[in-house]
Each structure stands twice: as structure tokens, then as C-alpha cells.
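Here is how the chains run, residue by residue.
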Amino acid sequence: MILQALTDYYRVLEQAGKIDAPGWAPVKVSYALLLSENGTLEQVIDIQTEQPRGKKMVSAPQILSLPAPVKRTVGVAANFLCDNAGYLLGIDSKGKPQRTRECFEASRSLHEQLLAGVDSPAARAVAAFFRSWDPETAREHPALAEHLEDILSGGNLIFRTLDGYVHRDPSVRRAWDAFYQAEGDGPQGICLVTGQPGPVESVHPAIKNVAGAQSSGAALVSFNAPAFCSYGKEQNLNAPTGKYAAFAYTSALNALLADREHVFRVGDATVVCWARSGERGYQDVFQTFFSDFYDETDLKGLVGALCQGNPVVYDETKLDPSMDFYILGLSPNSARLSVRFFLHNTFGGFLRNVQAHYDRLEIVRPAYDKFETLPLWKLLSETVNQNARDKSPAPDLAGEVLRAVLTNTRYPATLLNGVALRIRAEREVTRGRAAIVKAYYQKLAETTKHENPDIPEEVLQVSLNPDASNVPYTLGRLFSLLEAIQASANPGINATIKDKYFNSAAATPAVIFPVLINLAQKHLKKLRGSNAGLVVFYEKQLTELCSRIGEQYPAHMNLPQQGSFQLGYYCQTQARYQKKEEAKDV
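Residues numbered from 1 in each chain as written. Predicted model: local features only at pLDDT ≥ 70, side-chain atom pairs only at ≥ 80, totals over all residues. Heavy atoms only, no water.

(A) Local environment of the sheet that holds strand S17 (residues 336-346). Sheet architecture is open: four strands sit in the order S12-S13-S16-S17, paired in antiparallel fashion. Either end of the sheet is taken by a strand with one partner, and the two such strands are strand S12 (264-266) and S17. Averaged over all adjacent pairs, the angle separating strand axes in this sheet is 30°, with direction ignored. As paired strands, strand S13 (residues 269-275) and strand S16 (residues 324-333) are joined by six bridges and run antiparallel to one another. Looking at S16, one finds that Cys 273 is bridged to Ile 327. With respect to the sheet, helix H10 (residues 347-361) is in contact with S16 and S17, its orientation differing from that of S17 by roughly 100°. (Pairing = 2+ DSSP bridges. Helix = DSSP H or I, 4+ residues; strand = E, 2+ residues; numbered from the N terminus. Axes fitted to C-alpha atoms, helices over the stretch in contact; angles between N-to-C directions. Contact = heavy atoms within 4.5 Å.)

(B) Expanded view of a negative patch on the surface. A cluster of acidic residues, Asp 46, Glu 146, Glu 149 and Asp 150, forms a negative patch at the surface. Within the fold, Asp 150 resides in helix H5 (residues 148-152). Here Asp 150 falls in the partly exposed class, since its relative accessible area comes to 41%. (Patch = residues over 30% accessible without salt bridge, like charges linked within 9 Å, V, L, I, M, F, W, Y side chains within 5 Å. Areas by Shrake-Rupley, 256 points an atom, 1.4 Å probe, with all protein chains shown as cover. Salt bridge = Lys/Arg side-chain N within 4 Å of Asp/Glu carboxyl O. Lys, Arg positive; Asp, Glu negative; His and termini not counted. Charge placed at Lys NZ, Arg CZ, Asp CG, Glu CD. Buried < 20%, exposed > 50% of the residue type's maximum accessible area, 1.4 Å probe, protein only.)

(C) How the structure looks around the nonpolar core. Membership of the largest hydrophobic core comes to 91 residues, with the highest contact counts inside it found for Phe 286, Ile 327 and Leu 482. The greatest single-element share of this core, amounting to nine residues, is contributed by helix H15 (residues 471-489). The contacts of Phe 286, once residues within four sequence positions are left out, are Phe 264, Cys 273, Phe 325, Ile 327, Phe 347, Phe 350, Leu 351 and Leu 406. One finds Tyr 10, Ile 19, Val 118 and Phe 130 within the second-largest nonpolar core, a separate group that totals 76 residues. (Core = buried A, V, L, I, M, F, W, Y, C linked by side-chain atoms within 4.5 Å.)

(D) Spatial organisation of helix H1 (residues 2-15). Across its 14 residues, H1 extends 20 Å between first and last C-alpha, which sits within 8% of the 20 Å expected from 1.5 Å per residue. Those residues of H1 not exposed but buried are Ile 2, Leu 3, Ala 5, Leu 6, Thr 7, Tyr 9, Tyr 10 and Leu 13. On its buried face, H1 is in contact with helix H7 (243-258), S13, S16 and S17. Immediately beyond the C-terminal end of H1, within one or two residues, lies Gly 17, with a positive phi of roughly 70°. (Expected span 1.5 Å × (residues − 1).)

This is the structure:
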């Protein structure tokens, strides 16, 4: 399914002229070897360009469309018209002269074979170069002196003449296309992607730009041990993929990964997305869901229309909510890639799922919180110790949460556990943590079609529910009130009841709350002399909340009940701060 979707995407891009034709691929090139008509090396031209890297402009290789390079393993394999100095000049800095000579001879043989029947000045110049070039004296060649060190470092080189780049010569291009399309010496078979008979590729082109993978590229389809093989077949012959399909799916995926504007990271996964039509507008809109800019009014209105099934126009592109949309997450695994997830739905279907996720996360927010909606990275950061050196969330957790969001299924239990651990460790219920607790239990009740009596619907509200009768929720509100009483009686106190008793109050209220109530009476007595009106206000609230709890405090509270306690505490605290903000505004 993955390879088929990528192959179809390649066909769309090729028809639109947005991607290289079969046999051609984007390659990074640093230098061009200028040849005379008789094949003499006249000059080495630096064709690197100034490109932004953060806040700086740096010199970086230029990306050109060139004959598709082979995927190299440990053997010698030459590329046509573009390669490193070891293959094109017979020199390098690896200290293995015999192997370097073998690389040059392989390149010479390939170019002589392909250019033998090509009648053009550019082809004759390259052929003459390989006939006359002597690797033994190459280091002393005057044309190489200026850039010799950089050339030996491994950058790619190409050929050009005074008439232009050799790979753009029409006769040379036709020769390469004929060579590429010719049947190879691989076994014949039926392609599992296209269903067409033809030669099967034993090694597929490399996939590049996956974060954490080898810079030279990694394999999406790979069989590297006998235990993975069947019926005596080797390598990728176990999953027969035709030459065209192998080129098409790797080219499409490399194009997606090279488009940095539409690639994002979730944990250790590199995530790409695309629409079947190939239009970038779908990627632009979907990307905003995971950015800090989703709060923009115009964008939210556009997404709302798509969620309702109505087509919209975005950046001069008509977006159809019924368009097929794909999302692929890849993680590094040595020289190979692991598929973290692959999801297929309509564009509108994905948007509705993500919008439902944001609706579940909605909860009252502090005045200082700049995020109207919580982006995914912010959500995952709530499970991490922000004082730790590595603030990255667990890789598995990040992928599981994203999958749950996009498929509108239950959130992983590890998300709730991570938040519970941070609350216990820091004794802090932040907006993000409260939102996660609310969303987790809300989705759990929706999935199981059964309300959890320990954390019912009346608790899972956007803001404080003053009418809620749930005892753990009321205990959380009561703890917030006791904290406020202490703060009023002892302004600027270093260690509050939250620092000392929050976790134990949530787990064993019967042990802790009598102590806290007794402490609160002493605080009220201290306050009575300076602010009798505030004491009356606090006493009324204490009486109301204690009457809802009943005659006995619960001896123990389980994890869902502690979630109710945390939500009650958070909402009561925010309600108190909101009143202060309103008073300031007046």
C-alpha cells in the first residue's frame, strides 16, 4: 500500500513536470570539470551556491537533475556523468590506491560503453577525457590545484564543455535513457506494485533526509539476513518490485523528504504527507494543525468549512475534503528505515479527527498562556522533565499519540502515565496536563460507550463546574481553596501545602485533609484581625465544599479519581485567578 501510493504520487508529479523522469534524480554537485573539444581538462569550476543555514549564508552544493546514481554497498559501482573524484579522476584521500584505480576503471568502462555510438561534441569530449586521463599524475594537474583539497573531500563532480553541461546534451540524454530503460541482467518477475512483468530490482535506490538515518541514505525495503528470506531468494527479490516502481516510489519519497516546509518531526519519526492530486495546498493546511499558527481566525474558518464537507479555496487552490490524503512516519534503524505509521483517509476525514482532538483538549487557560490551542509538541512536553538535559519525549509515545490523534482512537495509556508521573514529581497541574487528563478520559468514555463513575462527564468540563457532586473533584477544589487561605494568611511563604501535601491528599485524603482543615482554621484566625470580610468569604466556601464531601473522606483514591482531583484543583485555581484578572480590569 505504501509503495503503491508513492508510485501513484510520482506519476502525478511527473505529469505535472514537478519531478525528474525515470532514470534521472536530483543530485548535490560541488564542482564542474570544464573539458576542451579534445577532452583536456581546462578548469575546475566551483558551482556551489550561497544558501541559508539558520541565520547565516553558507556555500553549499547545487542540486541538479542528473542520471540517477546507483546505490552503493561495499562493491565498486560507477555513476554516469556525475561522481566523486575517486571515480572520475582516480584520486581520493582514503589511502587505498588499488581500490581507487578500480573505481576509475569502472567509470571509464561505463562512459566508453554509453558514449560509444553518440555523435556529439560533448560526448566525444568526455570519451576523449577518459582515454587520455592518467590518475597517476592527476594530483599535479594545474587545473586541480586551486580546489584539490575540497575535491578530495568527496564532493560530486560533473562534466561540462564551453557549450554547457554534458548531461544536458540531447544526444547524451537519449543515450542514457536508452541504457536505463534497457532490460538489466536481473531476474524477470511480476512487480508487486504495478502488476507488470519485467526485471526485478534487487537493490532499491536510497531514501535520504530522514532524521537520524545515514546521511548517504537508508533502505525502506531491505532483506539483509537469511532469516528474512524465503524460497532461496536474496535481497529484495523476496518482495519483487519492478525497475520503474522502485525508481518511482523512492523518487517520490525523496522529493517529499527534501521539501523541508512540509516535513515535521514527532519524537524520532520524520513525518511527510501528500494528497493524491499532488497539490501543495493540502500539505500547507494540514501542516498548520501542528504549528503555533492554528489560532488564526481565517485559517480556523477554512478548516471548519472543510470539516463540514465543503470545498474551499486556499492560496488559489481548490481544496476538496474528499481528496485522498496520506501520512507516513519513518524512523531510523541503522542502514534501514522503520515505518512508524502509514495512514490513509480523506483530507476532510483527517481534519475532522484532528479538530475533535483539539475540542477534547479545550480547557480554561491561564491569562499568560499564549496558545489558544495546544500544539502537539507542547502536549508531549508535558510528559518530560523540563529541567532535564534531554527534553525530548519518548519516541514511541510521540508516534502513538500522533496516530491516536489522526485516527480518532484512544490515546495511549503511556500518555496519561507520563502526565501522572510529572504531576507527582513536580506537584504542578499545568494547563497542558489538565487538558491531557480531560481528553484521555473523555475519549475513553466515548470509545467504550461507558462513563467512568470515578471521573464522570460533569468533571470533564472546559471550566469549573460549581454544581459537580463528584467527591474527588470536590476534594481537588477544596485543596485549591485551602491553598488560597494559606497564601492569604502567609503571603510569600516558601513551602506551601501544595509542596508538602498535594500527592498524599490526592492518594489518601482521609489521612491528609483533617490535618489541612485544622491548619486552615489557624490561618483564618490569623486573617480575622486584618481582613474579616475575606474570612467570611473563605468560610462560606469551606462550608459549601465540605457539605458536598459528606461525613467521611475517602480512604484511598485510584488513578481516575486522582484525575478528577487534579481537574477540580486546576479549574478551581483558574477560576480564582480569573476573578483577580476581572477585578484588575474593573
